Amino acid sequence: MSVILRMLFALALCLGLSDPSAAGDGKAIVLTVEGNIEGERQTFTIADLEAMGTEQVTTTTPWHDGAVTFEGVAVARLLEHVKAKGETAEVTALNAYFVDIPTEDLIRNGAVLALKRDGNYMAVTDKGPLFLIYPFDANPALRTELHYSRSVWQVSSIAIR
Ligand SMILES: Nc1nc2c(c(=O)[nH]1)N[C@H]1C(S)=C(S)[C@@H](COP(=O)(O)O)O[C@H]1N2
Ligand SMILES: [Mo]
């Protein structure tokens, strides 16, 4: 590899482009799920979440210019994985923002715990590493303050009650 290519590659890594290190070394725990689930408390790295299978959602949001494509784990899939038995998910962010969301709403409306936007892992300064989003463009009923308030960025933990 030429020196120039090496330098570009190193620069891309620094910028966190398509690199799990944007969320630490890929082995860092980015999510804790607790409460009424199997084992009471489970932790996840970005790699753990990706191993569950991801899907893509392309939509406009109040926070981005134009349509963006998110990739992440369907919350329905995550709830299944942890064997959640509860009606409410209390979703908490790194900035201590939290909101109670009925699990039924997350499942029915196809909420996704996004780990990439437009192909790149999201830095904390870019509302990452995890951003709970809904497919807003798919359903006008989602484009209200209620679902915007449920769109938690910098998600760090979820408590099932
Ligand atoms: N991490 C985090 N996510 C959050 C919030 C927050 O304070 N922190 N506010 C929520 C609320 S109440 C709404 S209405 C929208 C607000 O987005 P805005 O601050 O860009 O208007 O984001 C939601 N997601
Ligand atoms: Mo809000």
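One can find the structure itself at the top, above this paragraph.
None of these values were measured; they are calculated from a predicted model.

Student: Just to check I follow, could you spell out the overall build of the protein for this structure?
Tutor: Within the protein one finds five helices and ten strands. Counting over 161 residues, the protein shows a buried share of 43%. Partitioning the contacts of the protein with sequence separation of at least 6, the portion at a separation of at least 24 is 58%. Summed over all atoms, the accessible surface of the protein reaches about 8,300 Å², with 55% contributed by carbon and sulfur.

Student: Would you take a moment to explain the sheet that holds strand 1 (residues 29-35) for this structure?
Tutor: Hydrogen bonds between backbone atoms are what pair the strands of a sheet, whose relative direction is either parallel or antiparallel. Taken in spatial order, the five strands make up an open sheet running 2-1-10-5-6, and their pairing is mixed. Two strands close off the open sheet at either side, each with one partner strand: strand 2 (41-45) and strand 6 (98-102). Neighbour-to-neighbour, the strand axes of this sheet turn through a mean angle of 20°, independent of strand direction.

Student: Where do I start with the pattern of salt bridges in this structure?
Tutor: Two side chains with opposite charge may pair up if their charged atoms get near one another. Here the structure, examined in full by the defined rule, presents six salt bridges. A salt bridge links D105 to R150, with the shortest nitrogen-to-oxygen separation between them at 3.4 Å. A residue pair is termed long-range when its members are at least 10 positions apart, and D105 in helix 4 (residues 103-108) and R150 in the loop between helix 5 (145-149) and strand 10 (155-160) qualify at 45 residues. Under the relative-accessibility criterion, D105 is labelled buried at 4%.

Rules used throughout
- Residues numbered from 1 in each chain as written.
- Chains lettered and ligands numbered in written order.
- Predicted model: local features only at pLDDT ≥ 70, side-chain atom pairs only at ≥ 80, totals over all residues.
- Heavy atoms only, no water.
- Helix = DSSP H or I, 4+ residues; strand = E, 2+ residues; numbered from the N terminus.
- Buried < 20%, exposed > 50% of the residue type's maximum accessible area, 1.4 Å probe, protein only.
- Contact = heavy atoms within 4.5 Å.
- Areas by Shrake-Rupley, 256 points an atom, 1.4 Å probe, with all protein chains shown as cover.
- Pairing = 2+ DSSP bridges.
- Axes fitted to C-alpha atoms, helices over the stretch in contact; angles between N-to-C directions.
- Salt bridge = Lys/Arg side-chain N within 4 Å of Asp/Glu carboxyl O.

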